[in-house]
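Fold and geometry: a report
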Amino acid sequence: MILLDPKNHNRPYPDDRSREVMLKAIEFFEGKGKAALKRDDREQVWYGDFLEFARKEKLFATTLTPAGYGAPDSRWDTWRNCEFAEILAFYGLAYWYTWQVSVLGLGPIWMSENEEVKARAARLLEQGGIFAFGLSERGHGADVYSTDMELIPQPEGGFVARGEKYYIGNGNKAALVSTFGKIKGTDDYVFFVVDSQNEHYECKRNVVNSQSYVSNFALHDYPISEADILSRGREAWNSALNTVNVGKFNLGWASIGISTHALYEAVHHAANRRLYGQNVTDFPHVKQLFSDAYARLVAMKLVALRAADYMRSASATDRRYLLYNPVVKMKVTTQGEDVINHLWDVIAAKGFERDMYFEMAARDIRALPKLEGTVHVNIALIVKFMPNYFFNPEDQPEIVRRDDPADDTFLFHQGAARGLGDIRFHDYETTYAGFSQPNVEVFRGQVAVFKKMLEAAPPGEGQANDVDFLLAVGELFTLVVYGQLLLENARIYDLAEDLIDQIFDVFVRDFSHYALQLHGKASSTDIQMEHCLQMIAKPIGDADRYTRVWQDHVLPLRDAYSMNP
Ligand SMILES: Cc1cc2nc3c(=O)[nH]c(=O)nc-3n(C[C@H](O)[C@H](O)[C@H](O)COP(=O)(O)OP(=O)(O)OC[C@H]3O[C@@H](n4cnc5c(N)ncnc54)[C@H](O)[C@@H]3O)c2cc1C
C-alpha cells in the first residue's frame, strides 16, 4: 500500500523512535477526533493542544535537531521528515504549517557557524519551542533583495534592529525568529535571531484568516549583539536561499497528505451513495475521475519519495537534487490541486459540508503551489537545467532508496546555489527504456518530438526572455523529469504494471495538453508549432487494465479509512 493509511500504519523504519514519532502523531489526531479538528479549524483556535502534545512527546526535538545537538535519536532525517509532514497535513494544514515554519526558522540557525545559537535552539526544541522564518516583507514579495529590515550599528558596539516583516508563520509564539535584513549603510545582508516575547518585538496581527498564525511583526530598536548574529553577507544570502531549498520540498508532502485524506473521504462517500438504483461509483465518468485522481496521487508520492533519495544523497559533486526539488515543489503541489478538482467534481455538494475534512482540503490545497516560490519562480528555475538534462547526460552514481537512519548534514552545508546550468544528469532515456508499458512507449515518443523541437527550433532570443513562453516549455520539461523519477521508484517499490500504464495514460494526456498550450503561445514559430502538433498523442486504451486498476486499487479504498469521530 503506497498511500498513507494511519489506522494500519506499518511502514518500515530503521529504528523504534521513528516509528514511535509517527504513531504518536497519529494517536494525537485520532484521539482528538474529526469533530474537534473541524471545530478548531472553523473557530480558528490556536493549536496549543497539539503543541503541548508535541512538547511532551518531543516530536519537534526528534525531527528537527541535527545529530550531535540533541538526544541520541534526534537527527535531520529527510525520510522520516517527509512522512511526519505527510501525517500532519493528512489531519490539517495548520498542524503541518507550525512544524514547517519551524523547519524554515531553524534553517539559517543550523546553517550558521554560531554554535551558541545552535545550542540554544536545541535546548529550546527540547523544551517544546517553535520557530519562525522572517524573510518576507509586505512590499517586496519574492524580491528579497529589497529588504527594508535594518541592523543599525551602535556607537558602544552591537546593533539595534528596526523594521517589519510580513507573512511570518509562528511570529506570535516563536522561541526564535530567524530574521533577514541588511546592515545599515552597507549592502551586507544579515541573518539574526530575535525572541517573539521580547519587549522590543511587536506582534502586530495575524494577516491571514486561518487557524495558523501568519504574523506581521515589527522590531522596535531591538538590541542585537554579535551572539545573536547567524550569518552575514554572501553567507546570509545563501542561507536564505538554501533554507527555502530545504523547506519548499515539504510543500509536496503537505499536498500528498491532504490529497490522501480527501481521497478516502470522497471514495467512501461516492461508493456508498445510491442514485437511480446504482452506486455513484458505477458512473463511467466517476470511475475515470477517481482513477485519474488515484494515478496522480500515487505518482505524487513516488516522485516525492524518489526526490528525497537524491536530497539525502546530495553532495558538493552531486547536485541533481537542485532540479528534482523544485520539480516536487511545483509539480506535486499542482497535481494535488488536480486531485482535489477531480474528487470535488464527483462529490459535489458533499465537498462543502462543514463536517467533512474535504472542505478544508479544497481550501488548503490551493496554498501549496503559491508559497515558498510560486509555480512561475520554480519553473523559471527548472528550465535552467534543461540543456544539460537533454543534451549532456553523463554517468552518475546510482542512488538507492534512502530510508537509512542518516543525518542529512549536507543540507546545512549546500554552499552557493551557483552554476545551476552546469549540473549534469544521468541519461533519462536509459530509465525510460527499462519500461515497455504501452503508454510509457507513447510518452517516450512525445518526449522524443519535444527534444527534436529543442534541437531544431530552440527558444529564440525574444522567447528566452519571455517568461510566459518559457513557462509553457517548462511544463513539458517538468513532466519528463517527473516521469523519470516516477519510473525510478516504480522499480524500487515494485509498482504494479497496470498502475504504471495507467499513470502514463494520464501523463500522455497531460503532455498533449501542454503541447497545445505551447502551440497557442503568441510567439511560437511555425516549426515549433509543427512539433507541438506532433507531440499531441492519444493514450492506448486497455479496458481490462483499466478495470483491474479500478477493482484492485481504487474501489478498495471505499471503506479503507475514516477518521475517528
Ligand atoms: C499563508 C502564508 C504563509 C507564509 N509564511 C511565510 C513565512 O513563514 N516566512 C516568510 O518569510 N514568508 C512567508 N510567506 C510569504 C510567501 O513565501 C510569499 O507569499 C511568496 O514568497 C511570494 O511572494 P508574494 O506572494 O508576495 O508574490 P510576489 O512576489 O508579489 O509575486 C507576484 C507575481 O510575480 C511572479 N514572480 C515574482 N518573482 C518572479 C520570478 N523571479 N520569476 C517569475 N515570476 C516571478 C510571481 O510568480 C507572482 O505571480 C507566507 C505567505 C502566506 C500567504
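The notes below deal with the structure included here. (Residues numbered from 1 in each chain as written. Predicted model: local features only at pLDDT ≥ 70, side-chain atom pairs only at ≥ 80, totals over all residues. Heavy atoms only, no water.)

Considerations on the overall build of the protein
Along the backbone of the protein there are 20 helices and ten strands. What you see for the protein is a C-alpha radius of gyration of 24 Å, in line with the 24 Å of a compact globule of 565 residues. Overall, the C-alpha framework of the protein stretches about 75 × 60 × 40 Å when taken along its three principal axes. When burial is assessed residue by residue, the protein has 60% of its 565 residues classed as buried. Contacts in the protein between residues far apart in sequence, at least 24 positions, make up 80% of those at least 6 positions apart. (Helix = DSSP H or I, 4+ residues; strand = E, 2+ residues; numbered from the N terminus. Rg over C-alpha atoms; globule rule 2.2 N^0.38 Å. Buried < 20%, exposed > 50% of the residue type's maximum accessible area, 1.4 Å probe, protein only. Contact = heavy atoms within 4.5 Å.)

Observations concerning the site of the ligand
As a structural note, the neighbourhood of the ligand is formed by 16 residues, with S136, A142, Y167, T374 and H376 the closest of them. Here the ligand has 980 Å² of accessible area as a free molecule, and 62% of this is covered by the chains. The set of elements that each furnish at least two residues to the shell around the ligand consists of α6 (93-110), β3 (159-169) and α12 (375-382). For the shell around the ligand, the element with the most residues is β3, which contributes three residues. Residue classes in the shell around the ligand are distributed as ten nonpolar, five polar and one charged. (Near = heavy atom within 4 Å. Areas by Shrake-Rupley, 256 points an atom, 1.4 Å probe, with all protein chains shown as cover. Nonpolar A, V, L, I, M, F, W, Y, C, P; charged D, E, K, R; others polar.)

Notes on empty space enclosed by the protein
Within this structure, the stated rule accounts for two cavities of 30 Å³ or more. In this structure, the largest cavity occupies an estimated 70 Å³ of space. If you trace the largest cavity, you find it lined by W76, T78, N81, W99, V103, V246, F249, N250, M311 and L411. Counting residues per element, the lining of the largest cavity draws most heavily on helix α8 (residues 233-271), at three residues. For the lining of the largest cavity, the per-class residue count stands at seven nonpolar, three polar and no charged. Lining the second largest cavity, in full, are L51, A54, R55, K58, L59, F60, A61, L125, G128, G129 and I130. Breaking the lining of the second largest cavity down by element, the ones donating at least two residues are α3 (48-57) and α4 (59-64). For the lining of the second largest cavity, a count of residues per class yields seven nonpolar, two polar and two charged. (1 Å grid on protein atoms, 1.4 Å probe; cavity = no way out; pocket = protein on both sides within 12 Å on 5 of 7 lines; lining within 4 Å. Points joined across faces, edges and corners; volume = space filled by probe spheres on them.)

Some points on the packing of helix α9 (residues 284-312) against helix α17 (residues 467-492)
One can describe the packing of α9 onto α17 by two numbers: an axis separation of 8 Å at closest approach and a directional angle of 85°. If you check the angle between α9 and α17, you find them roughly perpendicular. Contacts from R296, A299, M300, L302, V303, L305, R306, D309 and Y310 in α9 reach Y482, L485, L486, E488, N489 and I492 in α17. Residues that form the contact of α9 with α17 fall into these classes: ten nonpolar, one polar and four charged. (Axes fitted to C-alpha atoms, helices over the stretch in contact; angles between N-to-C directions. Parallel < 35°, antiparallel > 145°, perpendicular 65-115°, else oblique.)

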